[in-house]
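As a plain string of letters, each chain reads:
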Amino acid sequence: MEVRLEDKVAYIIAVVNEFADKFSLNSQQAYRYLERFKGIDFVDEFYNVEHTQSFEGVVEDLTLYCRKNGGKLA
């Protein structure tokens, strides 16, 4: 099944906002953090799997993935 770009972008925006809420960041700070530590790439690459999980689960995955790439948020 082909993924619509608009759907993927909307999902990534929602994930960034959920991540921001979890760590008390504004959305711009969250995006910069996720971009720096490859979290955006992770969500993009694994969209087909990640979008089937809860946002809580995705934020946990992102936190671990970014930590592996040098991020310090926990």
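None of the values given here were measured: they were computed from a predicted structure.

**What about the overall build of the protein?**
Right, so step 1: Looking only at helices and strands, the protein features five helices and zero strands.
Right, so step 2: When the helices and strands of the protein are listed from N to C terminus, the series reads α-α-α-α-α.
Right, so step 3: Taken over C-alpha atoms, the radius of gyration comes to 11 Å for the protein, in line with the 11 Å a tight globule of 74 residues would show.
Right, so step 4: For the protein, the spread of C-alpha atoms along the three principal axes comes to 35 × 25 × 20 Å.
Right, so step 5: Here the protein holds 74 residues, and 34% of them are scored as buried.
Right, so step 6: Sequence-distant contacts, at least 24 apart, represent 64% of the contacts inside the protein between residues at least 6 apart.
Right, so step 7: Carbon and sulfur atoms provide 50% of the accessible area of the protein, an area that totals close to 5100 Å².
Right, so step 8: Across the protein, 9 positive and 13 negative side-chain charges occur, with their mean positions spaced 10 Å apart.

**Structural notes on the nonpolar core**
In a soluble, globular protein the nonpolar side chains are often hidden away together inside.
Right, so step 1: In terms of nonpolar packing, the biggest core is built from 19 residues, with Phe19, Leu34, Val43 and Leu62 touching the most fellow members.
Right, so step 2: Listing elements by their share of this core, those giving two or more residues are helix 1 (5-22), helix 2 (27-36), helix 3 (39-45) and helix 5 (55-68).
Right, so step 3: In terms of residue count, helix 1 provides more of this core than any other element does, six residues in total.
Right, so step 4: If we skip the residues at most four places from it in the chain, valine 43 touches Tyr11, Ile12, Val15 and Leu62.

**Some thoughts on unusual backbone geometry**
Right, so step 1: Positive phi values are uncommon outside glycine, yet serine 24 reaches one of about 55°.
Right, so step 2: Residue position: serine 24 is located in the loop between helix 1 and helix 2.
Right, so step 3: At lysine 38, a position not held by glycine, the phi torsion is positive, near 70°.
Right, so step 4: For lysine 38, the location among the structural elements is in the loop between helix 2 and helix 3.

Cut-off values and rules
- Once a new chain begins, its residue numbering starts again from 1 and follows that chain's sequence as written.
- The model is predicted, so local features are restricted to residues of pLDDT at least 70 and side-chain atom pairs to those at 80 or more, both for listing and for counting; the totals for chains, interfaces and linings are taken over all residues.
- Calculated side-chain values reflect all of the structure's heavy atoms, with hydrogen atoms and water omitted.
- Counting from the N terminus, the helices are DSSP H or I runs at least four residues long and the strands are E runs at least two residues long.
- All radius of gyration figures rest on C-alpha atoms, and the globule criterion is 2.2 Å times the number of residues raised to 0.38.
- Think of it in three bands: with a 1.4 Å probe and only protein chains considered, a residue is buried below 20% of the maximum accessible area for its type, exposed above 50%, and partly exposed in between.
- Note on definitions: a residue-residue contact is assigned when non-hydrogen atoms from the two residues lie within 4.5 Å.
- The Shrake-Rupley method, run with a 1.4 Å probe, gives the accessible areas here. Residue values count only the displayed protein chains as cover.
- For the purpose of charge, His is not counted, nor are the chain termini; Lys and Arg are scored as positive and Asp and Glu as negative.
- The atom standing in for a charge is NZ when the residue is Lys, CZ when it is Arg, CG when it is Asp and CD when it is Glu.
- Side-chain atoms within 4.5 Å link the members of a nonpolar core, which is a set of buried Ala, Val, Leu, Ile, Met, Phe, Trp, Tyr and Cys residues.

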